[in-house]
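Single-letter residue listing:
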Amino acid sequence: MRGRWKYLVAVLATVLLTASACPAKDDAASPAAPAGAGQYPRNETLYTSGTQWGPPNSWNPIIPGHAMGTVGLVYEPLFLFDPQAIKLTPWLAEKGEWTGAKEYTVTLRDGVAWSDGKPLTAEDVKYTVELGKIKAVPYSPLWNWLSAADAVDARTVKFTFSDVRVQEWENWLYENPIVPKHVWSARSEADITTTANEKPIGSGPYQYETHSQDRMVWKKKDAWWATKALNLDVKPKYIVDIANSSNEVAMGLLLQGKLDISNNFLPGVANLVNGNFGITTYYPEAPYMLSANTAMLIPNTTKAPMSDAAFRRAMAYSVDTTKIVEGVYGKIVKASNPTGLLPVWDQFVDQTVATQNGFKFDTAQAKKILADGGYKDTNGDGFVETPDGKAIDLKLIVPSGWTDWMEASRVIAAGLQASGIKVAAEFPDSGAVDDARTAGKFDLLINNWAGLSNTPWTYYNYVFQMPVQAQQFGTNFERYANPQAWELVQKLARTKTDDPAYKTTIGELQKIQLTEMPLIPLWYNGMWSQVNSTVWTNWPSAAANAPKDFPCTWNNLWELGAIKMLTEIKPAA
Amino acid sequence: MRRYFGRKLFIYALTFIVAVTINWMVPRFMPGDPVLRMLTRTSVSNPDAIAPMRAYYEKVFGLDVPLWKQYLNYWAELFQGNMGVSVWLFPTPVTDVITGAVPYTLALLLPSILLSWWAGNKVGALAARRKWLDNSVLPASYVLTATPYMWLGILLAWSLGLVAGLFPIAGGYSFDRQPTWSAAFLADLLAHWILPFLSLFLVAFGGWAIGMRNLIIYELEADYASYLEALGAPRRLVRRYAFRNALLPQLTGLALQLGVIVAGALVTEIVFGYPGLGSLILNAITNQDYFLLQGVFLFIVLGVLIANFAIDVVYVLVDPRTRIGMQGGSA
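In what follows, the accompanying structure is described. (Residues numbered from 1 in each chain as written. Chains lettered and ligands numbered in written order. Predicted model: local features only at pLDDT ≥ 70, side-chain atom pairs only at ≥ 80, totals over all residues. Heavy atoms only, no water.)

When you go through chain B residue by residue, the secondary structure sums to 13 helices and zero strands. In chain B, the succession of α and β elements from N to C terminus is α-α-α-α-α-α-α-α-α-α-α-α-α. Judged by the C-alpha coordinates and their principal axes, chain B covers about 90 × 60 × 40 Å. Across the 331 residues that make up chain B, the buried fraction comes to 51%. (Helix = DSSP H or I, 4+ residues; strand = E, 2+ residues; numbered from the N terminus. Buried < 20%, exposed > 50% of the residue type's maximum accessible area, 1.4 Å probe, protein only.)

Below, the structure is given as structure tokens:
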């Protein structure tokens, strides 16, 4: 027996020693390892995370939910949107201009090719736009106001509109990538919106290398049109995007320098930035992050008492946003402007409207609005009842596990309770919250799908879109029907940015939004971005000489200029 | 013998049918609608497209037929190795998703279950007889067995991974590698495997060691042990008898513990970002992915049943009384 015991100890010790020896050997070996051995040299590889929460499963650029970089690294749009200048910059297109009252002409760049060698032509652009005639394609409403797309010659496409929605069109131009006709036209209608599209063939700087359950690997293409046309060159030869099992894992990898850019929400990141851990963010101090979208408190306006504008206004006055910004987030987010417009759109905020009709945290004022509206505590339970005497008992739902939103919703509920509105925060799983939001079976929830774009039109479309359907998939979750406001939103879609009516229309919408309060803007969710400069430097930041493009790998941000980040970073010497 | 295994097999078959049925039922009676989830995710914005897309997805998922027929289809498909299409990872087939993850989970589970049982029993038996071992192993085992898998996992990742830098803290293999049949890759796999394995091993080890220690003490005080000693049998022989007797309840315990260890492995995988079934289950639940959930649970149910059956067989081999009883029964 004694002999066996020794034997056991010996075995265990061997196992442990071999295992602990392995990584040490490995660390020493990897930088020098040849690229051909199926390994990615560290100084040529960019490690990213924060976009994918599961195994990569789709490379279909038509449908959301594709692997990180499918649109941006592989498929590219005609234009990019430049958030500093608030205008479109040509990308696959050389130029685009209004050539008539209802006619827009796009000229493609010369020498753009798909990764299979075939040239990208006007036929591909026409084909991509016409995919919208399939009703299941997300951009199919385009054809309600576009009447024709014609390929004039190999490099020219002419679009004819039945209803010239300038803002909406410009939004389409940079948000949707062009797909190769010779690959996609072989697919059936149902296939186009459901295919996984493995090994995608695109025009962008990267091509598919490999993927597995926890990663997506892209490899730089030999020739990318922008190298010649724009003198841009993406620096990393490989991009390895790590699918997260949790933010904690991402934080660990970032601290070890095994991750170069993490676009995860890392609670307490302010401490890491200030604590000399080699991790930096866009701003060196509060708010640390750029603002990516507006987090809104969304009341279900089809239900009493949320159907009453006075009640909604009282709710707006009850929320202590400062406490959310400082207590919950540790100042890595900013409080929202009462209009909810993101900081990039500051120039469109009508300051007089905002000061006259804006709201701020003021419990006394909330109580006064409630009292004026006839909301009184008739049964003496400490909470108000509706003017016709019905008890109010609301639930605020946010997805379980979204710790920041869970904390924020507790702050919101406490604020509402202090004003006398009975609200409880509840945390169902994220699927259940999605269902409730889509089907309109909720009292209050938080949503942040009003994100950064080329125009406040997308924001007001999110707020006011009509008609209200039984199921709302992407806009107007509060189910607020105001034909006058919707009329203005459509007018805004048709107004050019330099038209004086553009600003006045936005002003009118602000007034309606602030008096009617269909939803309550609370704070700007950050564009979470933490970088480690051990291997790659020259990250975008607020510093004087640093690039200003978005340091973010989230899908939909590549076309907002984040792709340029890849051309600006440099390998550390 | 045949009757014994016949009866066992019948019970296992029955358990399997019931488990598969429950497995089919539970997701369907969970609140939520996977097709609505698909529509939300693919952002169908054109109201005219909602009805046809709903019909399309219902057909793909086989939800367009009455419930009883769905149930029969489910069995029919199951025997062809087809478990449907994942909702969360649409359009990947569930079988593909699971076969990608199962090797990792098995590689964690089998060694940790077997080694912890073996090592736990040995160490427990030794502890029962050596005061110094008893004073050190026993308290350590109590702490270990009471530690949640997740907590131990986080501690290990932090201490051996982040602070000491000995082991990688995430992934199934290094993020700069592609799977190849090379020694370097296998060493890399092993390095990523060791921490999740350790956290499973240590917790289970503690439990087995305590159990064995108590059983040995009990056995050494049994009448047969005193009788043997009175006859002048060597202590070694007495101990060997005690050990073999004490092993039997531990075997039964192993069968009972399997489910718990599997659950522990799932949590551990999430802590270490290990690409096994753990994170799949978590996401399948939050995304109302009936089919993936069914597939993963089916795998677990099958695994636990097979393991239990193996333990039944082993029981017959190690316990002569079962054999004798069976022979008596069949005579």
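From this point, the narrative continues.
Counting residues at the interface gives 61 residues for chain A and 65 residues for chain B. Together chain A and chain B conceal approximately 5,400 Å² of surface at their shared face, both sides included; 61% is due to carbon and sulfur atoms. Elements that contribute at least two residues to the side of chain A that touches chain B include exactly α1 (2-29), α6 (189-194), β8 (206-212), β10 (238-242), α8 (247-255) and α15 (430-439) of chain A. With 12 residues, the top contributor of residues to the side of chain A that touches chain B is α1 of chain A. Its residues assigned to classes, the side of chain A that touches chain B comprises 27 nonpolar, 22 polar and 12 charged. (Contact = heavy atoms within 4.5 Å. Buried area = accessible area lost by both parts, 1.4 Å probe. Nonpolar A, V, L, I, M, F, W, Y, C, P; charged D, E, K, R; others polar.)

Residues and elements named next belong to chain A. Reading across the sheet, the six strands line up as β14-β18-β13-β17-β15-β16 and stay open at both edges, with mixed pairing between neighbours. Edge strands, defined here as strands with exactly one partner in the open sheet, are β14 (334-335) and β16 (423-426). Summarising the sheet, strand β13 (residues 290-299) and strand β17 (residues 444-451) pair through six bridges and their orientation is antiparallel. Each bridged residue has a counterpart across the sheet, and for T294 the counterpart in β17 is A450. Relative to strand β18 (residues 520-527), helix α10 (residues 309-318) is tilted by about 45°, and along the sheet it contacts β13, β15 (394-397), β17 and β18. (Pairing = 2+ DSSP bridges. Axes fitted to C-alpha atoms, helices over the stretch in contact; angles between N-to-C directions.)

For the structure on display, the rule yields 44 aromatic pairs over all chains. When the centroid spacing of 4.6 Å and the interplanar angle of 40° are considered together, the rings of Y40 of chain A and Y238 of chain A count as tilted. Of the two residues, Y40 of chain A is situated in the loop between α1 and β1 (45-49) and Y238 of chain A in strand β10; the sequence distance between them amounts to 198 residues. No difference in accessibility class separates Y40 of chain A from Y238 of chain A, as the two residues are buried. Seen from their ring centres, Y57 of chain B and F61 of chain B are 6.3 Å apart, and the 20° between their planes marks the pair as stacked. Here F61 of chain B and Y57 of chain B lie together in helix α3 (residues 47-61), a separation of four residues that amounts to about one turn. (Phe/Tyr/Trp six-rings, centres within 6.5 Å; stacked < 30°, edge-to-face > 60°.)

Another point: the packing of helix α5 (residues 94-127) of chain B against helix α12 (residues 290-318) of chain B. Residue and element names in this part refer to chain B. Two elements in contact, α5 and α12, have axes separated by 10 Å at closest approach and are oriented at 40°. Taken together, α5 and α12 sit at an angle that is classed as oblique. The handedness of the crossing between α5 and α12 is right-handed. Touching V94, V97, I98, V102 and L106 of α5 are F291, L292, G295, V296 and F299, all from α12. (Parallel < 35°, antiparallel > 145°, perpendicular 65-115°, else oblique. Left-handed = near helix turned anticlockwise from the far one by under 90°.)

Let's shift gears to a nonpolar patch on the surface. Residues and elements named next belong to chain B. On the surface, M150, W151, I154, L155, W158, L162, V163 and V267 cluster together to form a nonpolar patch covering roughly 740 Å² of accessible area. At seven residues, helix α7 (residues 149-163) tops the list of elements feeding residues into the nonpolar patch. Within the fold, V163 resides in helix α7. (Patch = residues over 30% accessible without salt bridge, like charges linked within 9 Å, V, L, I, M, F, W, Y side chains within 5 Å. Areas by Shrake-Rupley, 256 points an atom, 1.4 Å probe, with all protein chains shown as cover. Salt bridge = Lys/Arg side-chain N within 4 Å of Asp/Glu carboxyl O.)

The subject of this paragraph is the sheet that holds strand β7 (residues 156-161) of chain A. Residues and elements named next belong to chain A. The antiparallel open sheet is built from four strands, whose spatial order is β4-β5-β7-β6. Two strands lie at the open edges of the sheet, namely β4 (93-100) and β6 (146-153), each paired on one side alone. For this sheet the average axis-to-axis angle between neighbouring strands, irrespective of direction, equals 20°. Pairing between β4 and strand β5 (residues 103-108): six bridges, direction antiparallel. Opposite G100, over in β5, you have E103 as the bridge partner. Across the face of the sheet, helix α3 (residues 122-130) comes into contact with β5, β6 and β7 while running at roughly 165° to β6.

Turning to unusual backbone geometry, a few remarks are in order. Glycine aside, a negative phi is what most residues show, and trans is what most peptide bonds show. Each neighbour pair has its own omega, and for A304 of chain A with P305 of chain A the value is 0°, a cis peptide bond. Between F90 of chain B and the following residue, P91 of chain B, the backbone shows a cis peptide bond with an omega angle of 0°. Its location among the elements puts P91 of chain B in the loop between α4 (67-79) and α5. Not every positive phi belongs to a glycine, and N231 of chain A is a case in point at roughly 60°. Secondary-structure assignment places N231 of chain A in the loop between α7 (225-229) and β10. Backbone geometry at N538 of chain A places phi at a positive 60°, although glycine is not the residue there. Along the chain, the position of N538 of chain A falls in the loop between β20 (536-537) and α19 (562-568).

All names here are of chain A. In this structure, N379 sits in the loop between α13 (363-372) and β15. For N379, a relative accessible area of 47% corresponds to the partly exposed category. Each C-alpha atom, one on N379 and one on G389, is 8.7 Å from the other, the two residues being 10 residues apart in sequence. Looking at N379, its side chain comes within polar contact range of the main-chain nitrogen of D381, at 3.3 Å. (Polar contact = N/O pair within 3.5 Å; in protein donor to acceptor, adjacent residues only side chain to side chain.)

Before going further, it helps to examine the side chain of N532 of chain A. Residues and elements named next belong to chain A. As for its placement among the helices and strands, N532 is situated in strand β19 (residues 530-532). Looking at N532, its side chain comes within polar contact range of the main-chain oxygen of L254, at 2.9 Å. Within the structure, the side chain of N532 is placed 2.3 Å from the side chain of T534, a separation counted as a polar contact. Setting aside chain neighbours within four positions, we find N532 in contact with L254, G257, L259, D260, G278 and W539.

Moving on to the pattern of salt bridges. All names here are of chain A. One pass over the structure, following the stated rule, counts 21 salt bridges over all chains. Here E103 makes a salt bridge to K158, at a shortest N to O gap of 4.0 Å. Highlighted residues: E103 in strand β5 and K158 in strand β7, separated in sequence by 55 residues. In this structure K158 comes out as partly exposed when scored by relative accessible area, which is 27%.

All names here are of chain A. In terms of burial, β13 is largely enclosed, as 10 of its 10 residues are buried. Note that β13 and β18 share seven bridges and pair antiparallel. Considered in β18, the bridge of L297 is made with I520.

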